[in-house]
Amino acid sequence: MRKRDDPRQRDKETDMKKDRSGNYFEDFRVGMRISHATPRTLTEGDRSLYIGLTGSRAALCTAETNARQLGFEHRPLEDLLVFNTAFGKTVPDISLNAVANLGYAEVRFISHVYPGDTLAVDTEVIGLKENSSRKSGVVYVRSTARNQHGREVLSWVRWVMVHKRDHGAACGEAMVPATEAAVPAERLRRSDYTARVREITAMTGFDDLWEDYAVGERIDHPGAMTINDSDHSLATRLYQNTARAHFDGHAMAANGGQRLVYGGHIISVCRALAYDGLENGLSMLAINGGSHVNPSHAGDTIACATQVLDKVDLGQDHVGGLRLRMIGVKNAGAASIAFPEPGEGRPAHPSNVVLDLDYTIAMPKRQR
Amino acid sequence: MRKRDDPRQRDKETDMKKDRSGNYFEDFRVGMRISHATPRTLTEGDRSLYIGLTGSRAALCTAETNARQLGFEHRPLEDLLVFNTAFGKTVPDISLNAVANLGYAEVRFISHVYPGDTLAVDTEVIGLKENSSRKSGVVYVRSTARNQHGREVLSWVRWVMVHKRDHGAACGEAMVPATEAAVPAERLRRSDYTARVREITAMTGFDDLWEDYAVGERIDHPGAMTINDSDHSLATRLYQNTARAHFDGHAMAANGGQRLVYGGHIISVCRALAYDGLENGLSMLAINGGSHVNPSHAGDTIACATQVLDKVDLGQDHVGGLRLRMIGVKNAGAASIAFPEPGEGRPAHPSNVVLDLDYTIAMPKRQR
Amino acid sequence: MRKRDDPRQRDKETDMKKDRSGNYFEDFRVGMRISHATPRTLTEGDRSLYIGLTGSRAALCTAETNARQLGFEHRPLEDLLVFNTAFGKTVPDISLNAVANLGYAEVRFISHVYPGDTLAVDTEVIGLKENSSRKSGVVYVRSTARNQHGREVLSWVRWVMVHKRDHGAACGEAMVPATEAAVPAERLRRSDYTARVREITAMTGFDDLWEDYAVGERIDHPGAMTINDSDHSLATRLYQNTARAHFDGHAMAANGGQRLVYGGHIISVCRALAYDGLENGLSMLAINGGSHVNPSHAGDTIACATQVLDKVDLGQDHVGGLRLRMIGVKNAGAASIAFPEPGEGRPAHPSNVVLDLDYTIAMPKRQR
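Residues numbered from 1 in each chain as written. Chains lettered and ligands numbered in written order. Predicted model: local features only at pLDDT ≥ 70, side-chain atom pairs only at ≥ 80, totals over all residues. Heavy atoms only, no water.

> For this particular structure, what's the right way to read the nonpolar core?
As a rule of thumb, nonpolar side chains are buried together in soluble globular proteins. In terms of nonpolar packing, the biggest core is built from 168 residues, with L154 and Y359 of chain A, L154 and Y359 of chain B together with L154 and Y359 of chain C touching the most fellow members. Contacts of Y359 of chain A, omitting those with residues within four sequence positions, involve R271, A274, L278, M284, A286, I287, N288, L322, R323, L324 and M326 of chain A. (Core = buried A, V, L, I, M, F, W, Y, C linked by side-chain atoms within 4.5 Å. Buried < 20%, exposed > 50% of the residue type's maximum accessible area, 1.4 Å probe, protein only. Contact = heavy atoms within 4.5 Å.)

So, in structure tokens, the structure goes:
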């Protein structure tokens, strides 16, 4: 961990022990910036494994001919392959000692990423709040991934509950950052799309475009996916995410549990299942918010349903935004899923809900 | 699903429900043509995962140097990676509501496919036969995969038993298409090979060429492969095949069963095991017929044996065809496999037989 | 199997049976040379799957930008992907009928291997020793992998206990080759590195360089990795390694056991875990010796610790060698690992030790 603005000097004796136990709550300071190890180049090989792990069928990404017909030079990488790779980079510094990943906000997919591109990720600590138990605290961070040209491709806020090393350690005053309920329309990517994106209907065979989705409409995605240990651990290793709860079955069993499925893999699986009913969707523009409501384990079967929350005007004739709420459940069918009102704070979900994600995609509009 | 010749208009109200429940028997008409979603580009990443999933060792595909030495510009993709990818494209339209995949015929490997090539697949319904129970029927289809230049690379006939949505629905008269017992010699690919293919013996270290195989000869392949859930579901997702029986362990368990291994993965595994004893085989030219005799599940160990059915004259000095029958079993050794005569209709197989495949490969001939 | 120096003529009748049962102890002769089937091209796809299977994070290999900044034209493939692929090639000829892989020596990583390179592997039998039981014997081999330009990239000695086909078969006099306790400094690769390798600290965020490691120092790597059947069989198939004990669960169960995890996968997993604490390590230079002390099976969780054995002067200002001993255990934490003295013969290890590996890596030195 390289802490650019951290004035602490490392104790040489301690250092010779090569202690890599990660950061605890009291190690973080608001304003601290961390450059994560190391940059990562993504390739067609990563895409193939991503398809093998999720069954992703996004038209723009599935064929080079599709991408060209839709007005792209090449087919970009799948959005959540990029997100999960960038996220994984932050784990050793931010969430190695995490109790739970509490939520996401302001996730912006700023530029497409292509095979051969290299992602470098850094993070700023934007908030800290010790828990009343004084055993842990919530760390709020904003992370940014840039490509090899230094261009921002992805940024996101997340907050995570992190253990304290020393329960008695003094912590500063709580600072909880304000986050937006949704990424505002003017901050959503729009420049990548031309009128040619309408040709996607000829690829997917479905005619449903932006105008064919109504606010409040619900889509029950027909598929379901059982997750095995190798599936989720292959995915999580591919992202070089080192969180122990996903890999160390021996330690989990010693605590009476089993390995947890990495939540980002659940998002990927649900998004792949959500192809059916949203076939003409282009890329993800934003994740407005989301939480891993309950954990998943090997053997769970995931299904999901989508509710259309909003139709977003991107100021473009050929493409609009669809703001969607995707709820994932384990060991139940999509038809069983309820969409509870958020109300104050978190919505009440039954114990089989594993994901409640609010995100925005680009969708071609009909020609007028 | 885009039905080019389907005159039915979609009900707008129904459409807003985004029903993606797939086609049922009564939705098919003889002569209907379906262009499947979406084209798919295959890459070296797909090949790597295919090798990881099957252990394939085909000399022509394993090394770029091999391919060049054998007279190719580049190493083509593995035949069954191509077949399974193309097949997967047809599933959402043809077999999402299938009871069983009954058989294959006239599978022709027309051109090699290379990394970077994009496959687009379409299907014509060539036969329909309602079952006497009136609960389901058999759909006969001919599918064709073309590359990005519009060139046919693969075509095949299969027939599949599909549920009826409404048992009382009226269905037209039965039409069962005639298929050939074997792809005739004159329709087998021959133009890709030059006399340089004989150099394959220097790569594999085995001298057995076309002349060294005798009609009736039997080869017991020494390997065996236990299949795990992640193996077969990774493979099936890689092919973007969405058939529920392979993925939804929750629904399968509710019916007292478990997920089925995709039959195409069994073919791939058997073909990889059949390397030993057929080392100098070049590409597959045809699958003349075949059936998935019994299902496989995670934990099954697959072994196989081959019988030489015929030696096919391709009119070439340097390469001939070998027509082979490969029988795969679960949880038994290759030596236990019997080769029952087809007799009338399907041959009688014990319950541990999972595959009975009749296919033709190209094999170099000795220099005279 | 092509035996260049083997004068035996194959019996034509036997040959028509296509017996591929592999070599037994009495089939080997000292001085015999075997060219293994077939060459293999490695690609970015293989790297992606390797990362997915192991979680490897080596900075030099993880990003193209890293490699260039460190003075390389491109990022090389991971050392153990290369080693395991080359090793796998030798299995059908050397160890198909092996009882156990007893040890390694003089493993030299001579040149980096890059995506697109093709490995061709051959082996010389350098020693033979029948066991007193006369049921098996130890075969000592030296194998060499060359790239498509004929340049040596890797060579190694291993010895393996192989069954006799016929217990009564006469065997020649024992010949046990001398091997070096460690690859001597002057035979370690040194030419690939320039002073730019010091920039690795900016990528990993850790400052520990060659000077910061002390002989005798111990590093407990914090991670742990549970291995599933699909993980190890995907890896082993990727290497086209056909050893039956890794794949045939039916036969293993018939003998009251279960499939064995390929030992090379254990090395890969341990090496990936050893990233934490050795972040600035460059490539592997040698494996001086090693043994798979006890077997591993699916469900085992692997952890490891490292002891610094020696600091090797490579005669370079900017890079030195670190000779390390890495001990891997199953279902125990790294802190529990002991480093017993070798004493005479093999060190005494408890039954949960799965790997004891003595290897040397390149590590940048501080600027003076």
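> Just to check I follow, could you spell out the packing of aromatic side chains for this structure?
In this description, a pair of aromatic rings is defined by centroid distance and the angle of the planes. Residue and element names in this part refer to chain A. The full count for this structure, using the stated rule, is 27 aromatic pairs over all chains. Ring centres of F83 and F87 lie 5.9 Å apart, and the angle between their planes is 40°; on these two criteria the pair is classed as tilted. Note that F83 and F87 are positioned in helix α5 (residues 79-94) at a spacing of four residues, about one turn of the helix. Each member of the pair F83 and F87 is classed as buried. Between Y239 and Y262 the ring centres are 6.1 Å apart and the planes differ by 65°, which places this aromatic pair in the edge-to-face class. Of this pair, Y239 sits in the loop between α7 (229-238) and α8 (249-254) while Y262 sits in the loop between α8 and α9 (263-273), placing them 23 residues apart in sequence. Taking the relative accessible area as the measure of exposure, Y262 reaches 3% and is therefore buried. (Phe/Tyr/Trp six-rings, centres within 6.5 Å; stacked < 30°, edge-to-face > 60°. Helix = DSSP H or I, 4+ residues; strand = E, 2+ residues; numbered from the N terminus.)

> For this particular structure, what's the right way to read the interface of chain C and chain B?
Interfaces are often described in size by the accessible area the parts lose on coming together. Contacts between the two partners involve 36 residues from chain C and, on the opposite side, 46 residues from chain B. A buried area of about 3200 Å², summed over both sides, lies between chain C and chain B, and 51% of it is on carbon and sulfur atoms. If you sort the residues of chain C by the area they bury against chain B, K18, R20 and R237 of chain C come out on top, with a joint share of 21%. Between chain C and chain B we count four salt bridges in total. (Buried area = accessible area lost by both parts, 1.4 Å probe. Salt bridge = Lys/Arg side-chain N within 4 Å of Asp/Glu carboxyl O.)

> Hey, could you run me through the relation of the copies chain C and chain B in this one?
A rotation about an axis combined with a shift along that same axis relates the two copies of the chain. Of the two same-sequence chains, chain C is brought onto chain B (RMSD 0.0 Å, axial shift 0.0 Å) by a rotation of 120°. On the angle and the small slide along the axis, the relation comes out as a three-fold axis. When C-alpha distances to the rotation axis are compared across chain C, the minimum falls at G45 of chain C, with a value of 2.2 Å. Residue by residue, only 11% of the interface of chain C is reproduced at the interface of chain B, so the copies engage with different surfaces. (Least-squares fit on C-alpha atoms with pLDDT ≥ 70 in both.)

> It is not clear to me how helix α7 (residues 229-238) of chain C should be interpreted in this structure. Could you clarify?
In an α-helix, one turn spans 3.6 residues; hence positions three or four apart end up facing the same way. Burial runs high along α7 of chain C: nine of the 10 residues are buried. Every buried residue of α7 of chain C is accounted for by S230, D231, H232, S233, L234, A235, T236, R237 and L238 of chain C.

> Teacher, can you tell me more about the interface of chain C and chain A here?
Taken together, the 46 residues of chain C in the interface contact 36 residues of chain A. For the chain C and chain A pair, buried surface summed over both sides reaches about 3300 Å², with 52% attributable to carbon and sulfur atoms. Run the count over chain C and chain A and you get four salt bridges. Here R20 of chain A makes a salt bridge to D208 of chain C, at a shortest N to O gap of 2.7 Å.

> Please explain the pairing of strand β7 (residues 152-163) of chain C as it appears in this structure.
The side chains of a regular strand alternate between the sheet's two faces. Residues and elements named next belong to chain C. Looking at chain direction, strand β4 (residues 98-109) and β7 are connected through eight bridges and run antiparallel. Looking at the pairing, F109 lines up with L154 of β7. Summarising the sheet, strand β6 (residues 136-146) and β7 pair through 11 bridges and their orientation is antiparallel. Bridge pairing in β7 places G137 opposite V162. The antiparallel hairpin formed by β6 and β7 contains five residues in its connecting segment, where G150 sits at a positive phi of about 80°. (Pairing = 2+ DSSP bridges.)

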